[in-house]
Amino acid sequence: MKLKQLSLFLENRPGQLRAPIAALGNAGIDILTMTLADTAQFGILRFIVADPARAKDVLEAEGMIVSVTEVVPIQVDNRPGGLAAVLAAIESAGLGVEYMYDFAARATPDKAAIIFRFEDADRALEALKAAGVRILTSEELLRK
Amino acid sequence: MEEIVRLHASSGTTGKPIVVAYTQADLDVWSEVMVRSFAACGLHRGDVIQNAYGYGLFTGGLGAHYGAEMLGATVIPISGGNTERQLMVMADFGVTALCCTPSYFLHLLESAKETKTDFSKLRVGVFGAEPWSEAMRDRIQAESGIRAHDIYGLSEIIGPGVGIECAQQHGLHIFEDHFYPEIIDPETGDVLPDGAEGELVLTTLSKQAMPMIRYRTRDITAIMAEPCECGRTLRRIRRIGRRSDDMVIIRGVNVFPSQVETALLRVEGTLPHYQIVLTRDKGLDQIEVKVEVTPEVFSDEIRKLEALQHQLEAAIENLLGLRVTVTLVQPRSLPRSEGKARRVTDLRNL
């Protein structure tokens, strides 16, 4: 199933990353996984929490700009060639990957979870299910 | 000097404030032209006018105040600043009209949205003291649902109330029975015919304490002599988009902040919170335009943000004919004005 990811605009200045993270911490919100994309001028922090609506409210109250994007969590075998097999399925379904990152909070010895951002999450979900790729549910991901 | 009942000082557009004086008759004229101005905006007895122009030496505060009182409206003399209190007063008293600078209204609007302040009773804005574009008016009206009127005036002549937009919102009627307008060529001083663009000069016809003959306003406009649909026979001037002195010369090209504003507004979804920073690198002027990111334009994808940046650069370059760098900055990171907006920071040490 699809997962809601939050994205945050950050200027490339010292201290810009700390402010949102501290705001989430003060509100008792746990960041499950995150990734920081940077350009010469600005950065985008992408992250996943259990309650995205509340996290969005907390950050917007601080005057930050947050957008919600649907991403797809995919199970990948934790072995050489595991990711390549999933990427092959993605390629043959004709899907383009915008970006991807590891789901940090879920580490099991034999399975990994990778977050994928496709241009069209719904079409990707359908095509990947048909190709037998295992899509994770939020319950599976959020279980500790 | 004993005939003088009040002193004010200009807001200092060109640097040092200019002190101006009024007799009682001057103040009466001032209130009268302000009453006419408010009436032209559709305001009357029963309206609640929040006057957020600064009270004090600046003419905006007291000028609007006495005019609104003479009109018979309820005046809230809140003066400038303290956004939170402005919004509270607006909601609590069911304010129907607001007087402030257009850039401060945008700031109020932004804060009102954040705090979900109810300003549904507000229907008229009387905005002045700084040039603003037609595109900015469209945005203000679309986002707030109010009618935004441009008011014109300058301390040296009387203060606000020299000219006002009527319901047509097409040029500002000049109260010619008190202030006689002419347009001159700012270079040669020659008087230009109606319709020609040039510098507005004003002659006071009734002022006692400080009469002015052909006072050079440095505001660039044109006289619109054709009759107005509202029925007023007072001639109009075109809205003032620029002054002959808020211009900056960049790499030999004359640039007005209002041009940058127009370009930014052309790119959909960008509210004009921006700052122009000028620097000089190896003898060459560099222009950076800092633009705040809004929720409407923020994208999770870097290439879309970079595309926006390039779109903005192209829009400004098209209008100015100069290469600029656009920097996207975090919301609310640029300084907000509570009076005249400071759009240009010149670090060139000229």
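Located above this text is the structure these notes cover.
Below you will find a few notes about this structure. (Residues numbered from 1 in each chain as written. Chains lettered and ligands numbered in written order. Predicted model: local features only at pLDDT ≥ 70, side-chain atom pairs only at ≥ 80, totals over all residues.)

Concerning unusual backbone geometry
Residues and elements named next belong to chain B.
1) Next: Even without a glycine there, the phi angle at Gln 169 is positive, about 50 degrees.
2) Next: By the element assignment, Gln 169 lies in the loop between β8 (159-165) and β9 (172-174).
3) Next: The exposure class assigned to Gln 169 is partly exposed, which follows from the 17 C-beta atoms found within 10 Å.
4) Next: One non-glycine residue, Arg 218, lies in the positive phi region at around 65 degrees.
5) Next: A residue is classified by how many C-beta atoms lie within 10 Å of it, and Arg 218, with 19 of them, is partly exposed. (Helix = DSSP H or I, 4+ residues; strand = E, 2+ residues; numbered from the N terminus. Buried ≥ 20, exposed ≤ 12 C-beta atoms within 10 Å, placed from the backbone.)

Description of the sheet that holds β9(B)
All names here are of chain B.
1) Next: In space, the nine strands of this open sheet follow the order β4-β3-β5-β6-β7-β8-β9-β15-β14, with mixed pairing throughout. Unpaired on one side and paired on the other, β4 (74-76) and β14 (223-224) mark the two borders of the sheet.
2) Next: In the sheet, strand β3 (residues 48-51) pairs with β4 via three bridges, with the strands oriented parallel. Bridge pairing links Val 48 to Thr 74 in β4. (Pairing = 2+ DSSP bridges.)

Some remarks on the environment of His310(B)
Residue and element names in this part refer to chain B.
1) Next: Assignment of secondary structure puts His 310 in helix α7 (residues 302-320).
2) Next: Taking the number of C-beta atoms within 10 Å as the measure of exposure, His 310 has 11 and is therefore exposed.
3) Next: Taking the C-alpha atoms as reference points, His 310 and Thr 327, separated by 17 residues in sequence, lie 9.9 Å from one another.

Thoughts on the interface of chain A and chain B
1) Next: Every contact between the two is made by 14 residues of chain A and, on the other side, 14 residues of chain B.
2) Next: Counting residues per element, the ones that place at least two in the side of chain A that touches chain B are β1 (3-11), β3 (42-49) and β4 (66-77) of chain A.
3) Next: Tallied by class, residues from the side of chain A that touches chain B come to five nonpolar, six polar and three charged. (Contact = placed C-beta atoms within 7 Å. Nonpolar A, V, L, I, M, F, W, Y, C, P; charged D, E, K, R; others polar.)

Points about the nonpolar core
Residue and element names in this part refer to chain B.
1) Next: Among the nonpolar cores identified, the biggest contains 62 residues, and Leu 43, Ile 49, Leu 98, Cys 99, Cys 100, Phe 105 and Val 162 are the most heavily contacted of them.
2) Next: Considering each element in turn, this core owes the most residues, seven residues, to helix α1 (residues 24-40).
3) Next: Setting aside residues up to four positions removed in sequence, Leu 43 forms contacts with Phe 38, Ile 49, Leu 71, Ala 73, Ala 97 and Val 124. (Core = buried A, V, L, I, M, F, W, Y, C linked by C-beta atoms within 7 Å.)

A few points about helix α6 (residues 257-266) of chain B
1) Next: Those residues of α6(B) not exposed but buried are Pro257(B), Ser258(B), Val260(B), Glu261(B), Ala263(B) and Leu264(B).
2) Next: Against α5 (134-144), β16 (242-243), β19 (274-281), β20 (284-292), α7 and β22 (344-346) of chain B lie the buried residues of α6(B).

Quick notes on the packing of helix α4 (residues 102-114) of chain B against α5(B)
Residue and element names in this part refer to chain B.
1) Next: Contact geometry of α4 with α5 gives a least axis separation of 11 Å together with a crossing angle of 30 degrees. One way to sum up the angle between α4 and α5 is to call them roughly parallel. Between α4 and α5 the crossing geometry is left-handed. In this structure, α4 contributes Pro 102, Phe 105, Leu 106 and Leu 109 to the contact, and α5 contributes Met 136, Ile 140, Glu 143 and Ser 144.
2) Next: Looking at the contact of α4 with α5 residue by residue, the class counts come to six nonpolar, one polar and one charged. (Axes fitted to C-alpha atoms, helices over the stretch in contact; angles between N-to-C directions. Parallel < 35°, antiparallel > 145°, perpendicular 65-115°, else oblique. Left-handed = near helix turned anticlockwise from the far one by under 90°.)

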